[in-house]
Amino acid sequence: MTGSALLLSRAQFAFTIGFHILWPAYTIGLSGFIVIISVGWLRTGRPVYRALLRFWVHLFALGFAMGVVTGVVMSYQIGTNWSVFAERTANVIGPFFTYEVLTAFFLEAGFVGVMLFGMNRVSPRLHFVSCLAVALGAVISAFWILAANSWMQTPAGFRLEADGKFALVSWMDAIFTPSLPYRYFHMVTAAYLSGTFVVIGVCGFYLWRRSHQEFAQTGLSVALSIALVLVPVQGVLGDLHGRNSFQYQPIKVAAMEGDWQTRRGQHLVLFAWPDVANERNDYELAVPGLGSLILTHDWNGLVPGLTSVSPQERPHVPYVFFAFRIMVGLWFLMLVLVLAGGWLMWRRRLDEAPLFHFACVCSSPLPFLAVLCGWIVTEVGRQPYVVYGHFRTADAVSPVVASAVAGSFALFILVYIALLIAFLFYAIRTVLRGPIDEAAEQPAAVQPGLVSAPAGQAGE
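The rules we used
Residues numbered from 1 in each chain as written. Predicted model: local features only at pLDDT ≥ 70, side-chain atom pairs only at ≥ 80, totals over all residues. Heavy atoms only, no water. Helix = DSSP H or I, 4+ residues; strand = E, 2+ residues; numbered from the N terminus. Rg over C-alpha atoms; globule rule 2.2 N^0.38 Å. Buried < 20%, exposed > 50% of the residue type's maximum accessible area, 1.4 Å probe, protein only. Contact = heavy atoms within 4.5 Å. Areas by Shrake-Rupley, 256 points an atom, 1.4 Å probe, with all protein chains shown as cover. Lys, Arg positive; Asp, Glu negative; His and termini not counted. Charge placed at Lys NZ, Arg CZ, Asp CG, Glu CD. Core = buried A, V, L, I, M, F, W, Y, C linked by side-chain atoms within 4.5 Å. Salt bridge = Lys/Arg side-chain N within 4 Å of Asp/Glu carboxyl O. 1 Å grid on protein atoms, 1.4 Å probe; cavity = no way out; pocket = protein on both sides within 12 Å on 5 of 7 lines; lining within 4 Å. Points joined across faces, edges and corners; volume = space filled by probe spheres on them. Nonpolar A, V, L, I, M, F, W, Y, C, P; charged D, E, K, R; others polar. Axes fitted to C-alpha atoms, helices over the stretch in contact; angles between N-to-C directions. Parallel < 35°, antiparallel > 145°, perpendicular 65-115°, else oblique. Left-handed = near helix turned anticlockwise from the far one by under 90°. Expected span 1.5 Å × (residues − 1). Bend = angle between axes of the 7 residues up to and from the residue. Pairing = 2+ DSSP bridges. Patch = residues over 30% accessible without salt bridge, like charges linked within 9 Å, V, L, I, M, F, W, Y side chains within 5 Å.

Draft legend 1. How the structure looks around the overall build of the chain. In terms of helices and strands, the chain carries 14 helices and eight strands. Over its C-alpha atoms the chain spans a radius of gyration of 24 Å, differing by no more than 12% from the 23 Å that the globule rule assigns to 460 residues. With respect to the principal axes defined by its C-alpha atoms, the chain has extents near 75 × 50 × 40 Å. Counting the 460 residues in the chain, one finds 52% classified as buried. For the chain, the proportion of contacts with a sequence separation of at least 24, taken over those separated by at least 6, is 78%. Roughly 20800 Å² of accessible area belongs to the chain as shown, and the carbon and sulfur atoms make up 67% of that amount. Mean positive and mean negative side-chain charge positions of the chain (27 and 24 charges, respectively) differ by 5 Å.

Right, here's the structure in full:
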């Protein structure tokens, strides 16, 4: 295995997983919003909730298809480019993916058809159950994927055999690793925020254009209410996750914070340019003592630095350092936006703020960019290991030639660009077309309390 083949294999996997992760974040987030809208329709019978439900189910379907297509690639890629990793870790994390299929994929596959095509064919209650089952399957799927990733980050419940393979010792310890709760809730919350901000952007677009006013104002109010809860919660979860990483992966945290030297009263580096060669920060702007306070809850707490290990044991600091700051900066932007939206809702002026509506349109990409930055921090930060502390990335790659990896990488780039263009074409066309006129298509709205009748018979 040459160094170029290893680099290309890592770059290809980073590209494909980075592209794929956007779609689970999109669909998990939208599925949660759809469930809430479905509850609103069942409880109130207002046609606007049915219009919102129908509109967002269509956009959910596009993202769901993208997630399935790009997700299948990941399992094949592990076998082709990372066969040594697959062989050595299969006894532990291989069953995780089987459990995902058995507990999540079958659940989603069994109900997604009813969710997408059953609104006029089944009762509102059954349609709600279908939406709930799909949303539940999405978060169960996330659990098993993140359980596998958490095991790679903070491995437990295993022993290493003489041939280098990982053998299972305790299922409970292997599944419920020390970082799983923090990683799971942090990622799922990020996914809910991603879907919620898509809704905020689309509804803000309609209000900015002064079209579909009731539809847009209702959708924006629901989405902002969700975001007003989740954005602050995500800040707390991020802090808890960071302190867990500080306990189990201190060098990753040192790279995130730009801490080169081990010291008490560690500074909080707000900005710097990490100089890897000289093991220092240039142009540093820091707050004395605040780094120790955040990580240890003690102004004089001891914080390990990057120089506490050899250079071969460190991640590439600039990637982790800057990705972490971009992620936190994006969170602050989202917080400012939702607080402004909450103030407008409190003053009952949500439909009278065109500048805010334009800001909503621009905000839709923010959670997705934050998710990508978070995964850069997570995955680059654990380097040079693929199973932290036990199995190096350089030892996990398949014995393939660089030209083969380069060819497949180029093909992936072309295909994924085509997929993205197709998704954006249909999604933008759906948004520009706007919600279907329920009044023209359905003569009688669902009445509160009559939720057991099929949608087409609710008013009869």
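Draft legend 2. Spatial organisation of the nonpolar core. Core analysis: the largest hydrophobic core is formed by 128 residues, its most contacted members being Trp 56 and Trp 151. Tallying contributions element by element places helix 6 (residues 180-208) first for this core, with 16 residues. Beyond its immediate stretch of four places on either side in the chain, Trp 56 contacts Leu 30, Phe 33, Ile 34, Val 198, Val 199, Val 202 and Phe 215.

Draft legend 3. View of the pattern of salt bridges. Taken as a whole and judged by the stated rule, the model has seven salt bridges. Close ionic contact of Glu 161 with Arg 159 constitutes a salt bridge, the shortest N to O distance being 3.3 Å.

Draft legend 4. The arrangement of empty space enclosed by the protein in detail. Across all of its chains, the model carries one cavity of 30 Å³ or more by this definition. Its boundaries defined by the atoms lining it, the largest cavity holds a volume of some 60 Å³. Those elements that place two or more of their residues in the lining of the largest cavity are helix 2 (47-81) and helix 13 (402-433). Of the residues forming the lining of the largest cavity, the biggest block, four residues, is contributed by helix 2. By residue class, the composition of the lining of the largest cavity is four nonpolar, three polar and three charged.

Draft legend 5. Quick look at the layout of surface pockets. Volume-wise, the second largest pocket comes out at about 1100 Å³. Secondary structure elements with two or more residues in the lining of the second largest pocket: helix 6, helix 7 (213-248), helix 8 (250-257), strand 4 (268-275), helix 9 (290-296), helix 10 (317-346) and helix 12 (366-381). Class assignment of the residues belonging to the lining of the second largest pocket gives a composition of 21 nonpolar, 12 polar and six charged.

Draft legend 6. Quick look at the packing of helix 2 against helix 3 (residues 83-117). It is the contact of helix 2 with helix 3, at a shortest axis distance of 12 Å, that shows an interaxial angle of 160°. The angle between helix 2 and helix 3 places the two elements in the roughly antiparallel class. The handedness of the crossing between helix 2 and helix 3 is left-handed. Across the interface between the two elements, Val 57, Phe 60, Ala 61, Phe 64, Ile 78, Gly 79 and Asn 81 of helix 2 pack against Ser 83, Phe 85, Ala 86, Glu 108, Val 112, Met 115 and Leu 116 of helix 3. Split by residue class, the contact of helix 2 with helix 3 holds 10 nonpolar, three polar and one charged.

Draft legend 7. Helix 7, seen in detail. Spanning 36 residues, helix 7 covers 50 Å between terminal C-alpha atoms, matching the ideal 52 Å at 1.5 Å per step. Largest kink in helix 7: about 25°, centred on Ala 227.

Draft legend 8. Focus on the pairing of strand 4. Where strand 4 meets strand 5 (residues 280-287), six bridges bridge the pair, whose relative direction is antiparallel. The residue bridging Asp 275 from the neighbouring strand is Arg 280, located in strand 5.

Draft legend 9. Main features of helix 8. Among the eight residues in helix 8, seven count as buried, and that is most of the element. Those residues of helix 8 that sit buried are Ile 251, Lys 252, Val 253, Ala 254, Ala 255, Met 256 and Glu 257. Buried residues along helix 8 sit against helix 4 (124-153), helix 7, strand 4, helix 9, helix 10 and helix 12. Just downstream of helix 8, Gly 258 is the residue with a positive phi angle, here 70°.

Draft legend 10. Spatial organisation of a nonpolar patch on the surface. On the surface, Val 68, Val 72, Tyr 76, Val 101, Leu 102, Phe 105 and Phe 106 cluster together to form a nonpolar patch covering roughly 670 Å² of accessible area. Of all the secondary structure elements, the ones that give two or more residues to the nonpolar patch are helix 2 and helix 3. By the secondary structure assignment, Tyr 76 is in helix 2. When its relative accessible area of 60% is taken as the criterion, Tyr 76 is described as exposed.

Bear in mind that shape data such as this cannot, by itself, settle questions of function.
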